[in-house]
2 protein chains.
Amino acid sequence: MGGTPRLIGVLGGMGPLATLDFLHKLLQARAALRDQDHVPTVTWNVPQIPDRQQALAGRGEDPLPAMAEGVARLNAAGATCIAIPCNTAHAWHSALSARSRVPILHIVDATVQTLLAGHRGGGHIGLIATRGALDQGLYQSRLEAAGLDYLIPTPQDLDTLFTPGCYAIKANDIATGGRLLARSAQALLDRGATRLVLACTEVPIGLQHAAPQLLAISVDPAMALAQACIRHWEWGDT
Amino acid sequence: MGGTPRLIGVLGGMGPLATLDFLHKLLQARAALRDQDHVPTVTWNVPQIPDRQQALAGRGEDPLPAMAEGVARLNAAGATCIAIPCNTAHAWHSALSARSRVPILHIVDATVQTLLAGHRGGGHIGLIATRGALDQGLYQSRLEAAGLDYLIPTPQDLDTLFTPGCYAIKANDIATGGRLLARSAQALLDRGATRLVLACTEVPIGLQHAAPQLLAISVDPAMALAQACIRHWEWGDT
């Protein structure tokens, strides 16, 4: 560690429960034995941000000003890098980075790094993500650049399984949300996927409840981002 | 809500897992259906704070400067009141309040409010707390002022059950910690307590795992504090 203490800033609130899930992963990712060995964080968990999925669908208020305020507060609080534990919010990653003094980690870069480290040569990735994230090509462009093959959910599966499952988790109805999200995952496996990327922070929460066996063949971008945060804290990586 | 948006500042890190447990309680305590309906928080979860139990025992470095820095950062981030989800840290409540522009809620006042609301006239309260908190009389003075009877653990139970159980939870060994803390709770019930105050944030985490039936006769000060935060957010109470 250098002279300035490193501090992870977390831009949360999207959603508030997924933010806590990410903070748990940060604790799990470091096998600390004492309070004092855990990674220091400051978390802006202010959920009064206009809906990102609605905004990307062209139907809602722009969430950028509220997100930019969070980034500014985290900079003011002394964060030395920022993580955003929400895949869809990364549609605004460039705009937020341009407004931040400190670097903002990218959740898809962290995920690709984990996928390549675990790659066994072959097999399709089943990509579970919001329609907004899929329409933006947030993951697809980076998976293609890394030479990784993938499948995405059908529009019908998004409408009937993924999207209602995701909103059920946000409303803290883990049982309903888990059931729908497990069916969404199974549909990709039935079409030939051999491993999954759970590219929406509500999905691992749901699968943990309803189909924990699927987690063994999944990469969780939030965990990949947590590991990137720990590399920053330990080594200064961004 | 008034003109200035209210924002709950959380001085965490004592310990980092207990801080997340408190943030979950804040979500549970409000039955929100959408992200945007949850309580906005900014959480300083920096565990590099000298050990509070050691300090109160006269054996360690003073934790006040590190805690005061957290309070200053939360004020700078725009918090309109501050909660500290750690019972023992309330030994420094007055010193921190004197350094804070915004009010700091008191976890024992919140707990007494909950106990009085649920009081059925009679029965001893079994008070599970750290030796430091007990030696400071943190709870005892306020329970007595409210006319509530209580029992505290024996010095031997503190040494062999409570203290090692508490540190096991901090090291994320929930199974060991839960077993020890459940025995610590049962010892108070065997001596005649009819309800429990779980006045150390690690205890509810352990009992949830090892003896969830005891939670039905327990008041969790962290939940009482979460409810006080929600009263602040909704009504401006401090």
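Thresholds applied
Residues numbered from 1 in each chain as written. Chains lettered and ligands numbered in written order. Predicted model: local features only at pLDDT ≥ 70, side-chain atom pairs only at ≥ 80, totals over all residues. Heavy atoms only, no water. Domains from an automatic or database assignment. Contact = heavy atoms within 4.5 Å. Buried area = accessible area lost by both parts, 1.4 Å probe. Salt bridge = Lys/Arg side-chain N within 4 Å of Asp/Glu carboxyl O. Polar contact = N/O pair within 3.5 Å; in protein donor to acceptor, adjacent residues only side chain to side chain. Helix = DSSP H or I, 4+ residues; strand = E, 2+ residues; numbered from the N terminus. Nonpolar A, V, L, I, M, F, W, Y, C, P; charged D, E, K, R; others polar. Pairing = 2+ DSSP bridges. 1 Å grid on protein atoms, 1.4 Å probe; cavity = no way out; pocket = protein on both sides within 12 Å on 5 of 7 lines; lining within 4 Å. Points joined across faces, edges and corners; volume = space filled by probe spheres on them. Buried < 20%, exposed > 50% of the residue type's maximum accessible area, 1.4 Å probe, protein only. Right-handed = clockwise from strand over helix to strand, strands pointing away. Expected span 1.5 Å × (residues − 1). Least-squares fit on C-alpha atoms with pLDDT ≥ 70 in both. Axes fitted to C-alpha atoms, helices over the stretch in contact; angles between N-to-C directions. Parallel < 35°, antiparallel > 145°, perpendicular 65-115°, else oblique. Left-handed = near helix turned anticlockwise from the far one by under 90°.

*Asks:* Describe the domain arrangement of chain A, naming the residues involved and giving the relevant values.
*Replies:* All names here are of chain A. By the assigned domains, chain A splits into domain 1 (8-106 + 223-235) and domain 2 (108-220). A separation of 20 Å is found between the C-alpha centroids of domain 1 and domain 2. Each partner contributes to the interface: domain 1 provides 23 residues, whereas domain 2 provides 28 residues. Between domain 1 and domain 2 lies a buried interface of about 1,900 Å² when both sides are counted; carbon and sulfur atoms form 50% of it. Looking at the side of domain 1 facing domain 2, the largest losses of area belong to Q53, N87 and H106, adding up to 37% of the total buried there. There are one salt bridge connecting domain 1 and domain 2. The salt bridge involving K25 is made with D220; its shortest N-O contact spans 2.7 Å. There are 11 residue pairs in polar contact (both at pLDDT 80 or more) connecting domain 1 and domain 2. Looking at the side of domain 1 that touches domain 2, the elements with two or more residues in it are α1 (16-28), α2 (52-56) and α11 (221-235). With six residues, α11 is the largest single contributor of residues to the side of domain 1 that touches domain 2. Per-class residue counts for the side of domain 1 that touches domain 2 are 11 nonpolar, seven polar and five charged.

*Asks:* Break down the sheet that holds strand β5 (residues 150-151) of chain A for me, citing the residues and quoting the values.
*Replies:* Residues and elements named next belong to chain A. Read across the open sheet, the four strands follow the order β5-β4-β6-β7; overall the sheet is parallel. Both outer strands of the open sheet, β5 and β7 (218-219), are each paired with one neighbouring strand and no more. Pairing of strand β4 (residues 124-128) with strand β6 (residues 193-198) involves five bridges; the strand directions are parallel. Within β6, the residue paired with I125 across the bridge is R195.

*Asks:* Lay out empty space enclosed by the protein with the relevant residues and their values.
*Replies:* All names here are of chain B. A full pass over the atoms with the stated rule returns four cavities of 30 Å³ or more. What the largest cavity holds in volume is close to 100 Å³. Lining the largest cavity are 14 residues, with R52, Q53, C86, T88 and K170 positioned closest to its centre. At the level of secondary structure, the elements contributing two or more residues to the lining of the largest cavity comprise α2 (52-56) and α8 (155-170). No other element matches α8, which puts three residues into the lining of the largest cavity. Residue classes in the lining of the largest cavity are distributed as five nonpolar, five polar and four charged. Shared between two domains, the lining of the largest cavity takes at least three residues from each, and those domains are domain 1 (8-106 + 223-235) and domain 2 (108-221).

*Asks:* Any details on the pairing of strand β6 (residues 193-198) of chain B? Residues and values, ideally.
*Replies:* Residue and element names in this part refer to chain B. The element β6 is extensively covered by neighbouring structure, given that five of its six residues are classed as buried. Across two bridges, β6 lies against strand β7 (residues 218-219) in parallel orientation. Paired with V197 across the two strands is V219, which belongs to β7. Crossover connection from β6 via helix α10 (residues 202-210) to parallel β7: handedness right-handed.

*Asks:* Please set out helix α5 (residues 107-118) of chain A residue by residue, giving values where relevant.
*Replies:* All names here are of chain A. Over its 12 residues, α5 extends 17 Å from the first C-alpha to the last, a length consistent with the 16 Å expected when each residue adds 1.5 Å. Burial in α5 covers these residues: I107, V108, A110, T111, V112 and L115. Considering only its buried residues, α5 is in contact with β4, α7 (140-145), β6, β7 and α11.

*Asks:* Please provide a residue-by-residue account of the relation of the copies chain A and chain B, values included.
*Replies:* After a rotation of 180° and a shift along the axis of 0.0 Å, chain A superposes on chain B with an RMSD of 0.0 Å. Viewed as a symmetry operation, the transformation between the two copies matches a two-fold axis. Across chain A, the smallest distance between a C-alpha and the rotation axis is recorded for T43(A), namely 2.5 Å.

*Asks:* So what's going on with the layout of surface pockets? Residues and values would help.
*Replies:* Here the largest pocket defines a volume of roughly 630 Å³. Forming the walls of the largest pocket are 22 residues, and the residues nearest its centre are D21(B), K25(B), Q28(B), P204(B) and Q208(B). Listed by contribution, the elements that provide at least two residues to the lining of the largest pocket are α1 of chain A together with α1 (16-28), α10, β7 and α11 (221-235) of chain B. At five residues, the largest contribution of residues to the lining of the largest pocket is made by α1(B). Each residue belonging to the lining of the largest pocket can be placed in one class, and the counts come to 10 nonpolar, nine polar and three charged.

*Asks:* Which residues make up the packing of α1(A) against α1(B), and what values go with them?
*Replies:* Contact pair α1(A) / α1(B): the axes reach a minimum separation of 10 Å and the direction vectors enclose 170°. One element, α1(A), and the other, α1(B), form an angle in the roughly antiparallel class. As for how α1(A) packs across α1(B), the hand of that crossing is left-handed. Mapping the contact onto sequence places P16(A), L17(A), L20(A), L23(A), H24(A) and L27(A) in α1(A) and P16(B), L17(B), L20(B), L23(B), H24(B) and L27(B) in α1(B). For the contact of α1(A) with α1(B), the class distribution of residues is 10 nonpolar, two polar and no charged.

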